[in-house]
Amino acid sequence: MKRILDACCGSRMFWFDKDCQDAVFMDNRMLQTKLCDGRNLVIQPDIVADFREIPFENDMFYLVVFDPPHLMKAGQNSWLAQKYGLLGENWKEDIKQGFYECMRVLRPNGVLVFKWSEEQVMTGQILDLIDHKPLFGHRRGKTIFLVFMK
């Protein structure tokens, strides 16, 4: 059994080991394309699934990484939309459900790392949606990492 779930892995941008053998990489899409600057974008998860309905049993993972889409507005075929995905019309409920699902599959005393960009939605709006308070976090520009424990 793998101990880590990345629930929205995308192209695994912030992973040092993009093939970490202890992690299950999940995303709701598979994509191979070339960005406007010529770089290849490869989104190839181990499992294609939606973070709102994570297909794992309760209490399975010691660490869950949750880096959902954070943009409401971007061109449908823009490099931003391709790289990061887009929030849907029901984004508040989607994020709330995704957070619930991440906590559900997390073992007791497990850690959830939540990454968010405040480009279009502020972190406070996200925290208002969920029933958990972060232990601590780190901000760099518009990006914030928050750490929770179950």
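Residue numbers run consecutively from 1 along every chain, following the written order of its sequence. Per-residue local features are limited, in this predicted model, to residues with pLDDT of at least 70; the limit for side-chain atom pairs, both in listing and counting, is 80 or more; totals at the level of whole chains, interfaces and linings are taken over all residues. Neither water nor hydrogens contribute to the side-chain values; these are computed over all heavy atoms in the structure.

Asks: Any chance you could explain the nonpolar core here in plain terms?
Replies: Among soluble globular proteins, nonpolar side chains are generally buried collectively. Leu5, Ala7, Phe66 and Leu112 are the most contacted members of the largest nonpolar core, which has 31 residues in total. Counting only elements with at least two residues in this core, the list comes to β2 (23-27), β6 (61-66), α2 (91-105), β7 (106-117) and β9 (143-149). Contact criterion: two residues are considered in contact whenever any of their non-hydrogen atoms come within 4.5 Å of each other. The contact partners of Ala7, leaving out residues within four places of it in the chain, are Met26, Asp27, Phe51, Ile54, Val65, Phe66 and Cys102. Residues belong to one nonpolar core when they are buried, are Ala, Val, Leu, Ile, Met, Phe, Trp, Tyr or Cys, and are joined through side-chain atoms within 4.5 Å. Any residue under 20% of the maximum accessible area for its type is buried, any over 50% is exposed, and the rest in between are partly exposed; the area is computed with a 1.4 Å probe on protein chains only. Helix and strand assignments follow DSSP, with helices taken as H or I runs no shorter than four residues and strands as E runs no shorter than two, numbered in order from the N terminus.

Asks: Would you take a moment to explain the side chain of Asp6 for this structure?
Replies: Checked against the element boundaries, Asp6 lands in strand β1 (residues 4-6). For the purpose of charge, His is not counted, nor are the chain termini; Lys and Arg are scored as positive and Asp and Glu as negative. Just to be clear on terms, a salt bridge is a Lys or Arg side-chain nitrogen sitting within 4 Å of an Asp or Glu carboxyl oxygen. In this structure Asp6 is buried but unpaired, with Arg12 as the nearest side chain of opposite charge at 6.8 Å. Polar contact is the term for a pair of N or O atoms within 3.5 Å; when the atoms are in protein, one must be able to donate a hydrogen and the other to accept it, and sequence-neighboring residues count only if both atoms are side-chain atoms. Polar contacts involving the side chain of Asp6 include one to the main-chain amide nitrogen of Cys8, which spans 3.3 Å. A polar side-chain atom of Asp6 sits 2.7 Å from a polar atom in the side chain of Trp15.

Asks: Is there a simple way to think about the state of the cysteines in this case?
Replies: As used here, a disulfide is simply a covalent bond connecting the sulfur atoms of two cysteines. Throughout, a disulfide means two cysteine sulfur atoms within 2.5 Å of one another. Taken as a whole and judged by the stated rule, the model has zero disulfides. Of the cysteine sulfurs around Cys20, a residue in no disulfide, the closest is that of Cys9, at 12 Å. Of the residues examined, Cys20 reaches a relative accessible area of 15% and is grouped as buried. For Cys102, which is in no disulfide, the shortest distance to another cysteine sulfur is to Cys8 and amounts to 6.6 Å.

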